[in-house]
Structure formats: structure tokens, C-alpha cells
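A closer look at the structure
Here is how the chains run, residue by residue.
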Amino acid sequence: MARQIRLDQIDDLMAKAVQEIVQKTTLRWTELSVKATPVGETGNLRNDWKTDINKKKFKGTIINRMEYAEPVIYGTSLPPSWQGRYRTRKNTIKGFPELQAKQLTTGYIPQELKRIFRRM
């Protein structure tokens, strides 16, 4: 039997579902980013990922502030020593966060939403 929800309950249920999916997706994306980040001599780049989840604004943020994060992760703002070529010691795929986003939106998020709505 399908669950019956009063109209005045929909707003709260949807807000809870969105908060949960934002939190889960942000944490999963952080996990994927950490795993995809190459470990150099210090491991600082991999260890610098920070996650912020604001449930009230339905917003999750992932950031890496290392000065060399942009060239390694996106292949942009390359340092002069790279002589205009993207290269990392670990054959990192430049722009891997976008690839992860596609993976999350086509697989992870729909599956998690189904789980969330089944529990409601």
C-alpha cells in the first residue's frame, strides 16, 4: 500500500530529502576526489580537501586550497616548469571532478534518492 502524505507535509519531507541527498553527495564527491588526487612527496594535495555542508541553504562545497591544486586537478594555470604541458607523476586525468560529477548524477544520486524516498 502506498504511503499517504498530506499536502501540508510535502514541503518538510522534500526539504529533508534534499538536505540528505546534498549531504550524501557532497561527502561521496569528497571521497572520490581524495582517491583521485595523486600523492606526491608529501601527500599535502590529497590531504587538503575540505568539505562544507550547509543544510539550511541546501548547499555542499568541496575545496582544495593548495597552490598547485588547480594545475594538478584541472590542468589550468600550469606552472612554468611544466613548459605548457599537463603532466603529473601519477598520470592523473585532468578535470576529474567533472567526470565524477557525471558519474554521481547518472548513478549515485538517482540510487540514493530512491533509497531516501523508500524510507519516507
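Residues numbered from 1 in each chain as written. Predicted model: local features only at pLDDT ≥ 70, side-chain atom pairs only at ≥ 80, totals over all residues. Heavy atoms only, no water.

**Remarks on helix α4 (residues 96-119)**
In a regular helix each residue adds 1.5 Å, so 24 residues correspond to 34 Å; α4 covers 32 Å between its end C-alpha atoms and thus fits that length. Those residues of α4 that fall on the buried side of the exposure criterion are F96, P97, Q100, L104, Y108, E112 and I116. (Helix = DSSP H or I, 4+ residues; strand = E, 2+ residues; numbered from the N terminus. Expected span 1.5 Å × (residues − 1). Buried < 20%, exposed > 50% of the residue type's maximum accessible area, 1.4 Å probe, protein only.)

**Comments concerning helix α1 (residues 7-36)**
Its 30 residues place the ends of α1 43 Å apart at the C-alpha level, agreeing with the 44 Å of an ideal helix rising 1.5 Å per residue. Within α1, burial applies to L13, A17, I21, V22, T25, T26, T30, L32 and S33. Lining the buried residues of α1 we find β1 (50-54), β2 (59-63) and α4. (Contact = heavy atoms within 4.5 Å.)

**Let's talk about the packing of aromatic side chains**
Considering all chains together, one arrives at 1 aromatic pair under this definition. Where W82 meets Y86, the ring centres are 6.0 Å apart and the plane angle is 75°; that geometry is what we call edge-to-face. (Phe/Tyr/Trp six-rings, centres within 6.5 Å; stacked < 30°, edge-to-face > 60°.)

**So, the packing of α1 against α4**
Relative orientation of the contacting elements α1 and α4 amounts to 145°, with a least axis distance of 9 Å. Note on packing geometry: the crossing formed by α1 with α4 is right-handed. Tallied by class, residues from the contact of α1 with α4 come to 15 nonpolar, 4 polar and 5 charged. (Axes fitted to C-alpha atoms, helices over the stretch in contact; angles between N-to-C directions. Left-handed = near helix turned anticlockwise from the far one by under 90°. Nonpolar A, V, L, I, M, F, W, Y, C, P; charged D, E, K, R; others polar.)

**Some remarks on the pattern of salt bridges**
Scanning all chains against the criterion turns up 8 salt bridges. For K24, the salt bridge goes to E20, with nearest N and O atoms at 3.5 Å. Residue K24 and its partner E20 are located together in helix α1, separated by 4 residues, close to a single helical turn. Exposure remark for K24: the relative accessible area of 27% places this residue in the partly exposed category. The exposure class of E20 is partly exposed, given its relative accessible area of 21%. Residue E31 pairs with R28 through a salt bridge whose shortest N-O separation is 2.7 Å. One end of the pair, E31, and the other, R28, are both in helix α1, 3 residues apart, so they sit about a helical turn from each other. Among the residues examined, R28 registers a relative accessible area of 25% and is labelled partly exposed. Beyond isolated ion pairs, a larger network of salt bridges with shared partners links E20, K24, E112, R115 and R119. (Salt bridge = Lys/Arg side-chain N within 4 Å of Asp/Glu carboxyl O.)

**With respect to the pairing of β2**
In terms of strand pairing, β1 meets β2 through 5 bridges, oriented antiparallel. Residue pairing in the sheet places D52 in a bridge with T61 of β2. Here β1 folds back onto β2 in antiparallel fashion, the turn holding 4 residues, of which F58 has a positive phi close to 55°. (Pairing = 2+ DSSP bridges.)

**A short note on the environment of K90**
For K90, the position within the fold is in the loop between α3 (69-74) and α4. Along the sequence, K90 and G40 sit 50 residues apart, while their C-alpha atoms lie 8.3 Å from each other. Not counting residues within four places of it along the chain, the set of residues in contact with K90 comprises P38 and V39.

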